[in-house]
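Now for the letters of each chain:
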Amino acid sequence: MIPMNKAELVDAVFNRAHSANNVTKKQVEAIISATVEEIMEAVAKGEKVTLVGFGAFERRERKAREGRNPKTKEKMQIPATNVPAFSAGKLFKEKVAPPAAAEPAAKGKKK
């Protein structure tokens, strides 16, 4: 599997939106960049950003905990920190892993 980078995302969005909306590739890149920046700033401030069907971005607190230095195996204290988190929405989950098709109704036994 080859990951999609930002330039490829811009190309894909441009190809989908160009014919219907007459937007330029430069405009698409500016919109994607602005969207990502706004999401990052909102989450950094502790706000939750929800895109219905796609998912939600939020800040989660990771509590302080005890860990081990992998080199020395010595115990160490890992401080509390905030981390970004993403929870996929229902439509996104279904796109990635479609629900199993309904089982066909049980047929009567033949005699």
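The sections below set out a description of the structure shown in this document. (Residues numbered from 1 in each chain as written. Predicted model: local features only at pLDDT ≥ 70, side-chain atom pairs only at ≥ 80, totals over all residues. Heavy atoms only, no water.)

Moving on, we get to helix α1 (residues 6-21). Of all the bends found along α1, the most pronounced is centred on N15 and spans about 30°. On its buried face, α1 sits against α2 (25-44). Capping of α1 at its N-terminal end is provided by N5; its side-chain oxygen lies 3.1 Å from the backbone amide nitrogen of A7. Positioned one or two residues after α1, N22 has a phi angle of 55°, which is positive. (Bend = angle between axes of the 7 residues up to and from the residue. Helix = DSSP H or I, 4+ residues; strand = E, 2+ residues; numbered from the N terminus. Contact = heavy atoms within 4.5 Å. Polar contact = N/O pair within 3.5 Å; in protein donor to acceptor, adjacent residues only side chain to side chain.)

If you walk through the whole model with that rule in mind, you get five aromatic pairs. On the numbers, 6.3 Å between centres and 35° between planes, the contact of F54 with F57 is tilted. Look at F54 and you get partly exposed, because its relative accessible area is 36%. Arranged with centres 4.8 Å apart and planes meeting at 50°, the rings of F57 and F86 form a pair that is tilted. Of this pair, F57 sits in strand β2 (residues 55-62) while F86 sits in strand β5 (residues 81-88), and the two are 29 residues apart along the sequence. Taken together, the ring pairs in this structure connect F54, F57, F86 and F92 into an aromatic cluster. (Phe/Tyr/Trp six-rings, centres within 6.5 Å; stacked < 30°, edge-to-face > 60°. Buried < 20%, exposed > 50% of the residue type's maximum accessible area, 1.4 Å probe, protein only.)

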